[in-house]
Amino acid sequence: MAGKFCVSLTSAKDDPDKATVAFVVANAAVASDKETLVFLSTEGVRLSQQGYADDIREEGFAPLKDLMENFVKAGGLIYVCSPCFKRRKLDEGKLVGGATIVGGAKLVEFLSDGAPCITY
Amino acid sequence: MERQALSEEMERTLKLLADLEGLRGRDCKRCASALCHHEALFSLSMGFKNAPLCCSCLAAEFEREPAQMRDELWSFVLYRPCHRAGWAWANREEGYDPAALPGCLWPYLRKASERHRATESAEKVGEPCESEAWDAGDMACGDLVLELRLRLRAMKPRQILRITATDSGAREDIPAWCRLTGHVLLAVAHPQYWIERKED
């Protein structure tokens, strides 16, 4: 069952339902022994900030903060789109654990051997 | 305390420069080829002060490829102030620009059997490295690597581009882009990156 899996997430509090389900799916992938990446871009990059997801809790799902922490603990990667991060003037010193600021080439490299990618 | 640390660093630098001066004109203990000042510095870095080795023999000693050994030692030098001072001294002594990669070790390492005395001119061992520099500022993501691609395409194979890219994403992106495209990332000291253009 080895292989890679990418979840591209473009929402945060503007669509907490999507943000939550993205991490639920990512957790399913990492639990299935996939090398799993959540790529945060556009509004999604706000989730890279400590404390931001603390009050996101969608009915029927675990709190987003827990989902994100469990994802990283299980070995999941979080890439944060650099230009999206910069234009929102977010704080590099407040990145959540497991998050790395990257540009497009890093995402392309991850996907370059044909990894599937699902977008929320 | 800061003054004391500065004084100790200065002392280390002076000692290193004196050791480098002491190795002037020495040959590799193993293959007897003439050592350049940069190789003398590498030998000091690796504790071979009394029996200095050329980069190729150092590589053999540590079971590495010569280019890999060179790049690892260069990274080692970049992160240590006194060694950086030694590197700058070596560049000056050999007539290289302080910011350039010296032609004695780049763009390729000579095999021991092909090496000549240091007194022979550099052109006898190959064309000197034509390094170029580009300050990309805070350019990022696709813009950065697209411009990087264009700049490298305009250069000749094995020439080296020093790029300054301050964007945080560059730390991950430039190495990834080099792996994807086949250009060789020689060294990184963010925000600076040294990339050797690949062959066509």
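The structure reproduced in this document is the subject of the present report. Each chain has its residues counted from 1, running along the sequence as written. The order in which chains are written sets their letters, starting at A; the order in which ligands are written sets their numbers, starting at 1. Local features are withheld for residues below a pLDDT of 70 in this predicted model, meaning they are given only at 70 or higher, and side-chain atom pairs are given and counted only at 80 or more; totals for whole chains, interfaces and linings count all residues.

### A word on the overall build of chain B
- Numbering of helices and strands starts at the N terminus; helices are DSSP runs of H or I of at least 4 residues and strands are runs of E of at least 2. If you tally the helices and strands in chain B, you get 7 helices and 4 strands.
- Secondary structure elements of chain B occur, N-terminal to C-terminal, as α-α-α-α-α-β-α-β-α-β-β.
- Labels follow a simple rule on C-beta atoms placed from the backbone: if 20 or more others lie within 10 Å of a residue's own, it is buried; if 12 or fewer, it is exposed; otherwise it is partly exposed. Burial status across chain B gives 36% buried among its 200 residues.
- Partitioning the intrachain contacts of chain B with sequence separation of at least 6 by distance along the chain shows that 59% fall at a separation of at least 24. Contact criterion: two residues are in contact if their C-beta atoms, reconstructed from the backbone, are within 7 Å.

### Re the interface of chain B and chain A
- Of the residues lining the interface, 15 residues belong to chain B; the matching set on chain A comes to 13 residues.
- Listed by contribution, the elements that provide at least two residues to the side of chain B that touches chain A are helix H6 (141-153) and helix H7 (170-181) of chain B.
- Looking at which element gives the most residues to the side of chain B that touches chain A, the answer is H7(B), with 7 residues.
- Polar here means any residue outside two lists: the nonpolar Ala, Val, Leu, Ile, Met, Phe, Trp, Tyr, Cys and Pro, and the charged Asp, Glu, Lys and Arg; Gly therefore counts as polar. When its residues are assigned to classes, the side of chain B that touches chain A shows 8 nonpolar, 3 polar and 4 charged.

### A few points about the sheet that holds strand E2 (residues 35-40) of chain A
Residues and elements named next belong to chain A.
- Spatial ordering of the open sheet is given by E4-E3-E2-E1-E5, a layout of 5 strands whose pairing is parallel. Both edges of this open sheet fall to strand E4 (99-102) and strand E5 (117-119), since each of them pairs with a single strand only. For this sheet the average axis-to-axis angle between neighbouring strands, irrespective of direction, equals 25 degrees.
- One requirement defines pairing of two strands: DSSP has to find at least two bridges between them. Bridge count for strand E1 (residues 4-9) against E5 is 3 bridges, and the pairing is parallel. Inter-axis angles, ranging from 0 to 180 degrees, are taken between N-to-C directions of lines fitted to C-alpha atoms, where helices are fitted over the stretch in contact.

### Comments concerning the packing of helix H4 (residues 104-111) of chain A against H7(B)
- In contact at an axis separation of 7 Å, H4(A) and H7(B) are set at 45 degrees when each is read in the N-to-C sense. In terms of orientation, H4(A) lies oblique with respect to H7(B). Considering the relative orientation of H4(A) and H7(B), their crossing is left-handed. Contacts from A:Ala105, A:Lys106, A:Val108 and A:Glu109 in H4(A) reach B:Glu172, B:Asp173, B:Ala176, B:Trp177, B:Arg179 and B:Leu180 in H7(B).
- Residues that form the contact of H4(A) with H7(B) fall into these classes: 5 nonpolar, no polar and 5 charged. Throughout, the term roughly parallel applies to angles under 35 degrees, roughly antiparallel to angles over 145, roughly perpendicular to angles from 65 to 115, and oblique to all others. By convention, the crossing between two helices is left-handed when the near helix turns anticlockwise from the far helix through less than a right angle, and right-handed when the turn is clockwise.

### Overview of the nonpolar core
- Working definition: the nonpolar core is a set of buried Ala, Val, Leu, Ile, Met, Phe, Trp, Tyr and Cys residues, joined through C-beta atoms within 7 Å. Judged by nonpolar contacts, the single largest core of 45 residues is most densely connected at B:Leu58, B:Leu144, B:Ala165 and B:Ile195.
- Residue ranges labeled as domains rest on an automatic or database domain assignment. Counting residues domain by domain, this core receives three or more from each of domain 1 (2-125) and domain 2 (132-196) of chain B.
- Within the second largest apolar cluster, 35 residues are counted, among which are A:Cys6, A:Leu37, A:Leu64 and A:Leu107.

### Notes on the sheet that holds strand E3 (residues 184-189) of chain B
Residues and elements named next belong to chain B.
- Strand order in the open sheet formed by 4 strands is E1-E2-E4-E3, with mixed pairing between adjacent strands. The sheet is open, and its two edges are formed by strand E1 (132-137) and E3, each paired on a single side. Mean inter-strand twist for the sheet, computed between neighbouring axes without regard to direction, equals 20 degrees.
- When E3 meets strand E4 (residues 192-196), the two strands line up antiparallel, connected through 5 bridges. Directly across from Ala189, in E4, lies its bridge partner Gln192.

### Considering unusual backbone geometry
All names here are of chain B.
- Pro191 follows His190 through a cis peptide bond whose omega is 15 degrees.
- Within the fold, Pro191 resides in the loop between E3 and E4.
- Phi at Cys141 takes a positive value of approximately 55 degrees, unusual for a residue other than glycine.
- Following the sequence through the fold, Cys141 ends up in helix H6.
- A count of 23 C-beta atoms within 10 Å places Cys141 in the buried class.

### Considerations on the environment of B:Val184
Residues and elements named next belong to chain B.
- Inspection of the secondary structure assignment puts Val184 in strand E3.
- On a C-alpha basis, the gap between Val184 and Arg158 in space is 8.9 Å, while along the polypeptide they are 26 residues apart.
- Apart from the residues within four sequence positions on either side, Val184 is in contact with Cys178, Ile195, Glu196 and Lys198.

### Brief notes about the pairing of E4(B)
All names here are of chain B.
- The element E4 is largely enclosed, with a buried count of 4 among its 5 residues.
- Judged from the 5 bridges that link them, strand E2 (residues 160-165) and E4 form a sheet pairing that is antiparallel. Bridge assignment links Arg162 to a residue of E4, and that residue is Trp194.
- Between E3 and E4, which pair antiparallel and follow one another directly, the connecting turn spans 2 residues.

### Quick notes on the packing of helix H1 (residues 16-31) of chain A against helix H2 (residues 64-73) of chain A
All names here are of chain A.
- Interaxial distance between H1 and H2 falls to 9 Å at its minimum, and their mutual angle equals 30 degrees. The angle between H1 and H2 falls in the class roughly parallel. In this structure, the crossing between H1 and H2 has a hand that is left-handed. The residues of H2 that touch H1, namely those facing Ala19, Thr20, Phe23, Val24, Ala26, Asn27 and Val30, are Leu64, Leu67, Met68, Asn70 and Phe71.

So, to be careful, I would describe these as geometric facts and stop short of saying anything about function.
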